[in-house]
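These are the residues of each chain, in order.
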Amino acid sequence: MKHVAVLMGGWSSERPVSLNSGHACAAALREAGYRVTEVDVGRDVADVLARLKPDVVFNALHGPFGEDGCVQGVLEILGLPYTHSGVLASSLAMNKARAKDVMKAAGIPVAESVLMHRLDVAKAHVMEPPYVVKPVAEGSSFGVLIVRADAPHPPQQLFAADWPYGEIVMVERYVAGRELTCGVMGDEALDIIELVTAEGHFYDYDQKYSPDGARHVIPAPLLPDVYQTVRMLAVRAHRALGCRGISRSDFRYDDRPDGTGALVCLEVNTQPGMTATSLVPDMAAHAGIDFPALMRWMVEDASCSR
């Protein structure tokens, strides 16, 4: 029986999400027939794994250290096969600015953006509203601020002495319209989900993880050519960044009657959430793959460069 160590928790702002993902994945892996050890990750993770000697590591960490190439580097040094993307793809995708550079070079449409110090952004509008201010390397919409068209000044939270999301932020042109997301499993696109949020809300932390949050509409009601374009772009982004296993790409599509028609890729998630309300399990289920089977596929797909 294959022994799988499930890494979860850690110390990033996404710790609660990671714990939920990790516990759900561990339960499904046991159901799939694996021997499972759950590891609440601390800075001694290398010593813990050296002692456990698992056959495979299932990485259910989110946020800095867990999905930015750091823990992947540790696992490479230990020679342990692990799920999801490797060091370079994880690092690139976690840094929204560098990921956009790579995607743009690959012909994937992205929103106009600029990197600036948060205090400079807070002083005066650096682009005509509406726009979005977001941390360069956070997930789960932590620190994301929407600046509406009628906003008299930038978000004053950026002046806060205890701002926890880094000194450099991305200011990105706001793209109105529909929120779409598409997973890639191996080298094949899954179906697209449209995320329908409560009126006046964007797809923030509560809309992502609350039971009464955003509705998942699958398959997304799109014209056939648009549907296939989104799926094609998700695969292209997965390949351009060098992802492996499962990734999920997020898009905005402005098909309003008076809209621009813009379709842009916002980011690629190399460690998509695996909770009861998560998107990739919904996509897999729509394709006839239940949660234990999805976990089994990910474990059998695990690898390292050694």
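Residues numbered from 1 in each chain as written. Predicted model: local features only at pLDDT ≥ 70, side-chain atom pairs only at ≥ 80, totals over all residues. Heavy atoms only, no water.

For the chain, an unreviewed UniProt entry supplies the name D-alanine--D-alanine ligase and the organism Prosthecomicrobium pneumaticum. Note on the chain: under the UniProt heading Catalytic activity (unreviewed entry), the record states "2 D-alanine + ATP = D-alanyl-D-alanine + ADP + phosphate + H(+)". (UniProt positions renumbered as here; feature names shortened; annotations may be inferred.)

**Focus: the overall build of the chain**
Looking only at helices and strands, one finds 10 helices and 12 strands in the chain. Computed over the C-alpha atoms, the radius of gyration of the chain is 19 Å, within 12% of the 19 Å expected from 2.2 N^0.38 for a compact globule of 306 residues. The dimensions of the chain, computed from C-alpha atoms along their principal axes, are 60 × 45 × 40 Å. Counting every position in the chain, which comprises 306 residues, the buried fraction comes to 53%. Taking all contacts inside the chain whose residues are at least 6 apart in sequence as the whole, residues at least 24 apart take part in 70%. A total accessible area of about 13100 Å² is found for the chain, and carbon and sulfur atoms account for 53% of it. Looking at the chain, you have 28 positive and 38 negative side-chain charges, and the mean spots of the two groups are 4 Å apart. (Helix = DSSP H or I, 4+ residues; strand = E, 2+ residues; numbered from the N terminus. Rg over C-alpha atoms; globule rule 2.2 N^0.38 Å. Buried < 20%, exposed > 50% of the residue type's maximum accessible area, 1.4 Å probe, protein only. Contact = heavy atoms within 4.5 Å. Areas by Shrake-Rupley, 256 points an atom, 1.4 Å probe, with all protein chains shown as cover. Lys, Arg positive; Asp, Glu negative; His and termini not counted. Charge placed at Lys NZ, Arg CZ, Asp CG, Glu CD.)

**Some words on helix α8 (residues 224-241)**
Given a rise of 1.5 Å per residue, 18 residues ought to cover 26 Å, and the 26 Å separating the end C-alpha atoms of α8 matches this to within 8%. The elements touched by buried residues of α8 are α4 (87-94), α5 (96-105), β8 (178-185), β9 (188-196), β11 (246-253) and β12 (263-269). One or two steps after α8, the chain reaches Gly242, where phi turns positive at roughly 80°. (Expected span 1.5 Å × (residues − 1).)

**Some points on the domain arrangement of the chain**
Assigned domains within the chain: domain 1 (3-84 + 297-301), domain 2 (93-109 + 176-270) and domain 3 (113-173). The gap between the C-alpha centroids of domain 1 and domain 2 is 26 Å. Counting residues at the interface gives 11 residues for domain 1 and nine residues for domain 2. For the pair domain 1 and domain 2, the summed buried surface comes to about 990 Å²; carbon and sulfur atoms form 62% of the total. Looking at the side of domain 1 facing domain 2, the largest losses of area belong to Glu67, His84 and Trp297, adding up to 54% of the total buried there. On inspection of domain 1 and its partner domain 2, the count reaches zero salt bridges. Between the two partners, domain 1 and domain 2, sit three residue pairs in polar contact (both at pLDDT 80 or more). Counting residues per element, the side of domain 1 that touches domain 2 draws most heavily on helix α10 (residues 291-301), which supplies three residues. Classifying every residue of the side of domain 1 that touches domain 2 by side-chain character gives six nonpolar, two polar and three charged. (Domains from an automatic or database assignment. Buried area = accessible area lost by both parts, 1.4 Å probe. Salt bridge = Lys/Arg side-chain N within 4 Å of Asp/Glu carboxyl O. Polar contact = N/O pair within 3.5 Å; in protein donor to acceptor, adjacent residues only side chain to side chain. Nonpolar A, V, L, I, M, F, W, Y, C, P; charged D, E, K, R; others polar.)

**Quick look at the side chain of Glu194**
Locating Glu194 in the fold gives a position in strand β9. Its relative accessible area of 11% is what places Glu194 among the buried residues. Engagement of the side chain of Glu194 in a polar contact is seen with the side chain of Arg178, the distance being 2.8 Å. Glu194 has contacts with Arg178, Glu179, Leu180, Arg215, His216, Val217, Ala220 and Pro221, leaving out every residue within four places of it along the chain.

**Some points on the packing of α4 against α5**
Interaxial distance between α4 and α5 falls to 5 Å at its minimum, and their mutual angle equals 105°. By the angle between their axes, α4 is roughly perpendicular relative to α5. Mapping the contact onto sequence places Leu92, Ala93 and Met94 in α4 and Lys96, Arg98, Ala99 and Val102 in α5. Considered class by class, the residues forming the contact of α4 with α5 number five nonpolar, no polar and two charged. (Axes fitted to C-alpha atoms, helices over the stretch in contact; angles between N-to-C directions. Parallel < 35°, antiparallel > 145°, perpendicular 65-115°, else oblique.)

**Comments concerning the packing of aromatic side chains**
Under the definition given, this model contains two aromatic pairs. Seen in terms of ring centroids, Trp163 and Tyr165 are 5.2 Å apart; in terms of plane orientation they differ by 85°. Their pairing is edge-to-face. The ring centre of Trp11 lies 4.0 Å from the NZ or CZ of Arg43, which sits over that ring. The positively charged end of Arg244 is found above the aromatic ring belonging to Tyr82, 4.4 Å away from the centroid. (Phe/Tyr/Trp six-rings, centres within 6.5 Å; stacked < 30°, edge-to-face > 60°. Lys NZ or Arg CZ within 6 Å of the ring centre and 35° of its normal.)

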